[in-house]
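Each chain is listed here by its residues.
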Amino acid sequence: MSRVDVSSLRTAREALRDTAPLVHCLTNTVVQTITANALLAVGAAPAMVDDPAEAGEFAAVASAVLVNVGTVSSRTADAMRLAARAAGEAGTPWVLDPVAVGGLAFRTALAAELVELRPTVVRGNASEVLALAGAGSGGRGVDSTADPDDAVEVAASLARRTGGVVAVSGPVDVVTDGERTVRVGGGSVLLTRTTGAGCALGALTAAYVAATGDPLLGTVAAHAHVALAAEVAADLADGPGTFAPQWLDALDALDGEALTRADLRTA
Amino acid sequence: MSRVDVSSLRTAREALRDTAPLVHCLTNTVVQTITANALLAVGAAPAMVDDPAEAGEFAAVASAVLVNVGTVSSRTADAMRLAARAAGEAGTPWVLDPVAVGGLAFRTALAAELVELRPTVVRGNASEVLALAGAGSGGRGVDSTADPDDAVEVAASLARRTGGVVAVSGPVDVVTDGERTVRVGGGSVLLTRTTGAGCALGALTAAYVAATGDPLLGTVAAHAHVALAAEVAADLADGPGTFAPQWLDALDALDGEALTRADLRTA
Amino acid sequence: MSRVDVSSLRTAREALRDTAPLVHCLTNTVVQTITANALLAVGAAPAMVDDPAEAGEFAAVASAVLVNVGTVSSRTADAMRLAARAAGEAGTPWVLDPVAVGGLAFRTALAAELVELRPTVVRGNASEVLALAGAGSGGRGVDSTADPDDAVEVAASLARRTGGVVAVSGPVDVVTDGERTVRVGGGSVLLTRTTGAGCALGALTAAYVAATGDPLLGTVAAHAHVALAAEVAADLADGPGTFAPQWLDALDALDGEALTRADLRTA
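Residues numbered from 1 in each chain as written. Chains lettered and ligands numbered in written order. Predicted model: local features only at pLDDT ≥ 70, side-chain atom pairs only at ≥ 80, totals over all residues. Heavy atoms only, no water.

As recorded in an unreviewed UniProt entry, chain A goes by Hydroxyethylthiazole kinase and comes from Modestobacter roseus. What UniProt records for chain A under Sequence similarities (unreviewed entry) is the sentence "Belongs to the Thz kinase family." Within the UniProt record for chain A, the comment given under Catalytic activity (unreviewed entry) is "5-(2-hydroxyethyl)-4-methylthiazole + ATP = 4-methyl-5-(2-phosphooxyethyl)-thiazole + ADP + H(+)". (UniProt positions renumbered as here; feature names shortened; annotations may be inferred.)

Pasting the structure below:
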């Protein structure tokens, strides 16, 4: 079992730059731009192919796949099913981001179906993870009404069920593979005031898991990278508008050495 | 009948921050990101759910709904019908933004149908409002070829027909409930050089109307907030690219006191 | 036959500002925002109408049309066919951007069909142009794995087949009408780290070709304008995040005189 500590984050960052994974994103149309730019900033390659005519074919050749149900339709739901299946068959890591699951019947049923395909990583806020695990009724739109710490046991149980990793975003992020739990502190409240920062984190998680071949380490590294970059950006920004470009600059600038300064707490 | 003056704008701004309304946006894919970021900047919560499978269900629980036909398709047209009906049945305020109506048959027919559902607010440029009211043939793409002042009588007549408010954007914005007319001056030409600034104004109008419970005051407050923030941003920006992040910062920073400096002209 | 030299770029820039062409973009949802903002920055008017219900009607009245298959679906593929046909019938210039063609069967077949409609300009990276011409199997996602210089002969042959212009983007761009070849140097590697910069170049090409009435000159002018603005922005930016707004500012600021400093190499 691999170590997950600040020193291994350095290796993960270097692996990401060296391998430049191609991340196939089936994600919501609100956040496609910042997601693509965040992937480019850290040295990965984004591609957004979200039609059933192409999604399975592309997922089979990508380094990693992101499935985010934020603006799902019947058409893109089919594409997500095909991509998740193709990723599973190819042994390609894929991340499920259950945006607003719990509050809406269509996407809640879809997410329940997708989770049976055993995503390598589930990333969401506490309300979404609780709802996905059948233990809550969802938040308020895309906002969580639950606390990450309340979701820890449910997240660990969900991780054991999928055989993967579950990450719960919040002021302190919780990442668990069902046995080990790592908390990632730091970050900035401005992340919650920038549309797509959480969704981009899902894409960076996919990239890091592909680069490291280690779902727990890769997920923790993505969360640490996002949090540290947010701290740098918050110092330079005058508000939520100038924060976003600064955050992308900081995602780019942070190297392996910088990632060793992450606030990791291993339980 | 409520007052609409600079002092009531202060109250409106405070109500917006205190209530953080959840605004359900069915809007065009070009402007979803800046619309979500503008809502977050002023303290509202955005959610973009635009498929018929979910739009009615979500509109019924949102604080306000925006229907913007900018990149409408047959699929999203159905979602818009469902959302507008659900908002009407729930007594939830909803805003119609008739982007490029008049110039294209499909959306012109759709907008005529939606206006019969009596939107709380219609917001568009002069060409769009004239076309929606059946008094003009539309502009050039998304640009107006008519003057807001030429549209005042038509706007007032349309407001009496819907029982709501009609806002005509231009160098000086005109807001009317069919009896009272308020003009909002100020702003910056850079708003017209930033894609989605007008569409985001529609979303902020929805947020303010939900927060105040007063369609005329809420609509005026949104227009004043956008104009004042544009003036701040124009001073700090070096061009249309750096204007957008500065505008979001200013939307965030402007408080109730700042809004009392709005250029309101009541007829 | 028109001249294409730095002095004619000045005239092209002035024509673009004077005519403010309305560019109808059927493009991928990842890049719609930066594409619209880039068009607004240079003084053109963007409109994104991508449903079969409206695309043909709108293409018939636009100044130019862009067809970019980045996130194509069955629905938008139909809209692209209608728009390309309407543009052809109206004698309106249109640009085909064959994003990721070669690597995916659906879009490769669609692009092969569209190229038979004789686009005024084809703009892509070397892998895409080779694949479109039937001489390669595509790149890695949206990234080229081939060199523009290797694609020159194939591009010229494709230009003779369509009767139009073919542009191959790379560190040095190659633009050819099948007889004359112009290379455009300069630019910045940050363009490749900003999602949509290449796609926006396709839209600016459409705008310039409409403004000049000269496909070769217009295509070269768009590439020179983008490259020069990137150099200005790279000097001012701290990374890929702050580059994008600076690039839009520079697109706006560069006038005809500035364009005469372009790095053109005529063979």
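With that settled, the discussion passes to the environment of Leu190 of chain A. Residue and element names in this part refer to chain A. Note on placement: Leu190 falls in the loop between strand E8 (181-184) and helix H8 (197-212). In this structure Leu190 comes out as buried when scored by relative accessible area, which is 14%. In the structure, Leu190 is positioned 12 residues away from Gly178 in sequence and 30 Å away in space, judged by C-alpha atoms. The residues contacting Leu190, other than those within four sequence positions of it, are Ala234, Gly239, Pro240 and Phe243. (Helix = DSSP H or I, 4+ residues; strand = E, 2+ residues; numbered from the N terminus. Buried < 20%, exposed > 50% of the residue type's maximum accessible area, 1.4 Å probe, protein only. Contact = heavy atoms within 4.5 Å.)

Following the UniProt record, one finds the feature "binding site: substrate" (unreviewed entry) at Met48 and Gly196 of chain A. Mapped onto the elements, Met48 of chain A comes out in the loop between strand E2 (45-47) and helix H3 (55-59). For Met48 of chain A, a relative accessible area of 6% corresponds to the buried category. Residues in contact with Met48 of chain A, not counting those within four places in the same chain, are Cys25, Thr27, Gln32, Thr35 and Ala36 of chain A together with Val30, Gly70 and Thr71 of chain C. Position of Gly196 of chain A relative to the elements: it lies in the loop between E8 and H8. Beyond its immediate stretch of four places on either side in the chain, Gly196 of chain A contacts Val31 and Ile34 of chain A.

Moving on, we get to the relation of the copies chain B and chain C. It takes a turn of 120 degrees to lay chain B on chain C, together with a shift of 0.0 Å along the axis; the resulting RMSD is 0.0 Å. Those values place the two copies in the arrangement expected of a three-fold rotation axis. Residues of chain B ranked by C-alpha distance from the rotation axis are headed by Thr29 of chain B, positioned 3.8 Å from it. (Least-squares fit on C-alpha atoms with pLDDT ≥ 70 in both.)

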